[in-house]
Amino acid sequence: MDRKQALAIVQPHLKQSRFDHTKRVVETAVDLAKFYNEDKQKTEIAAVFHDYAKYRDKDEMERWIISEYLPKDLLHYHHELWHGPVGALLIKREVGINDLSILNAIRWHTTGKAGMNKLEKIIFLADYIEPGRDFPGVDKVREQAKADLDLGCWLAAKNTIQFLMSKNQPIYPDTFHAYNDLLITVK
Ligand code: GDP
Ligand code: FE
Ligand code: FE
Ligand code: FE
């Protein structure tokens, strides 16, 4: 499957604005992949499908989490977090993608986790810094992304935690685990 074929599969599942975001994530991720010597084709496919389940019905996602081997604690956190793990499950079933490294990069793209591999970090970071994003502090993260992949991911996790805390929102433990784990490597 090449980029064009993958985009054609994902497009009907997304709104136009989300599809445009997806294409920018692909460009950003492939750029990082070249820079950090990651497999270009895997990066492309993971980026194209990373938000595949973004518009699935909340109740449907809840049913997948309950019936499949997915962490049940997700149900106690914001449903925004569900499209990663549910998306990984659905692109395996519905699209037939079986590559575990691609599926895991999609699975963890929102929360991050401790011990992310290079592809997981690239998708996590590309989703955060793609040129359409306007989070507070994103320019600093963009600068750091090409200097140090771990530092870029750490700053993205830190900003997300700070943002959620400023709104008194719960924070999924894996996001803290990503922050703590990356802190050791960037120190
Ligand atoms: P998108 O799907 O491209 O909009 O981006 P993401 O998949 O990264 O994120 C969805 C949103 O989930 C982010 O904007 C976060 O603010 C929000 N969110 C809610 N709870 C959490 C959490 O516990 N951890 C993280 N990392 N994000 C969270
Ligand atoms: Fe997402
Ligand atoms: Fe993200
Ligand atoms: Fe995204």
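Here the structure is a predicted model, which means the values were calculated and not measured.

Quick notes on the rules
- Residues numbered from 1 in each chain as written.
- Chains lettered and ligands numbered in written order.
- Predicted model: local features only at pLDDT ≥ 70, side-chain atom pairs only at ≥ 80, totals over all residues.
- Heavy atoms only, no water.
- Axes fitted to C-alpha atoms, helices over the stretch in contact; angles between N-to-C directions.
- Helix = DSSP H or I, 4+ residues; strand = E, 2+ residues; numbered from the N terminus.
- Left-handed = near helix turned anticlockwise from the far one by under 90°.
- Contact = heavy atoms within 4.5 Å.
- Parallel < 35°, antiparallel > 145°, perpendicular 65-115°, else oblique.
- Nonpolar A, V, L, I, M, F, W, Y, C, P; charged D, E, K, R; others polar.
- Salt bridge = Lys/Arg side-chain N within 4 Å of Asp/Glu carboxyl O.
- Buried < 20%, exposed > 50% of the residue type's maximum accessible area, 1.4 Å probe, protein only.
- Polar contact = N/O pair within 3.5 Å; in protein donor to acceptor, adjacent residues only side chain to side chain.
- Donors = N, O, S within 2.8 Å, 3.2 Å for Na, K, Ca; no water.
- Phe/Tyr/Trp six-rings, centres within 6.5 Å; stacked < 30°, edge-to-face > 60°.
- Lys NZ or Arg CZ within 6 Å of the ring centre and 35° of its normal.
- Core = buried A, V, L, I, M, F, W, Y, C linked by side-chain atoms within 4.5 Å.

**Points about the packing of helix α6 (residues 100–107) against helix α7 (residues 118–129)**
It is the contact of α6 with α7, at a shortest axis distance of 8 Å, that shows an interaxial angle of 40 degrees. The crossing of α6 and α7 is right-handed. Along its contact with α6, which presents S101, I102, N104 and A105, the element α7 presents L119, E120 and I123.

**Things to note about the packing of α7 against helix α9 (residues 149–166)**
Put simply, α7 and α9 touch, their axes get as near as 10 Å, and they point 50 degrees apart. Here α9 runs oblique to α7, going by the angle between their axes. Seen along the crossing, α7 lies across α9 with a hand that is left-handed. Along the contact surface, α7 presents K118, K121, I122, F124, L125 and Y128, while α9 presents L149, D150, G152, C153, A156, A157, N159 and T160. Each residue belonging to the contact of α7 with α9 can be placed in one class, and the counts come to eight nonpolar, three polar and three charged.

**Let's talk about the pattern of salt bridges**
This model, assessed by the stated rule, comprises 15 salt bridges. Here K121 makes a salt bridge to D150, at a shortest N to O gap of 2.6 Å. Placement of the pair is K121 in helix α7 and D150 in helix α9, with a sequence separation of 29 residues. Judged by relative accessible area, which is 15%, K121 ranks as buried.

**A word on the side chain of H21**
Secondary-structure assignment places H21 in helix α2 (residues 16–35). The buried category is assigned to H21, whose relative accessible area is 3%. Polar contacts involving the side chain of H21 include one to the side chain of D51, which spans 3.3 Å. Look past the residues within four positions of H21 in its chain and what remains in contact with it is H50, D51, D127, E130 and R133.

**Focus on the coordination of the iron ion (ligand 4)**
Around the iron ion (ligand 4), the protein contributes the donor atoms H21 (NE2), H50 (NE2), D51 (OD) and D127 (OD), at 2.1 to 2.2 Å from the metal centre. Here the donor residues of the iron ion (ligand 4) share one chain and are spaced in sequence as H-x28-H-D-x75-D. A separation of 3.5 Å is found between the iron ion (ligand 4) and the iron ion (ligand 2), which are bridged by D51. Taken together, the residues span a long stretch of sequence, with H50 in the loop between α3 (40–49) and α4 (58–67) and D127 in helix α7 at a distance of 77 residues. In terms of burial, H50 and D127 fall into one category: buried.

**Here we look at the packing of aromatic side chains**
Under the counting rule described, the total for this entry stands at five aromatic pairs. A ring pair is formed by F35 and Y36, whose centres lie 5.0 Å apart and whose planes are at 85 degrees; its orientation type is edge-to-face. Judged by its relative accessible area of 16%, Y36 is buried. Positioned above the aromatic ring of F35, the side-chain terminus of K146 is 5.0 Å from the ring centre.

**Brief notes about the nonpolar core**
Ranked by size, the top nonpolar core spans 58 residues in total, and within it F49, V86, I91, I97 and L125 carry the most contacts. Considering each element in turn, this core owes the most residues, eight residues, to α7.

In short, geometric facts, not functional conclusions.
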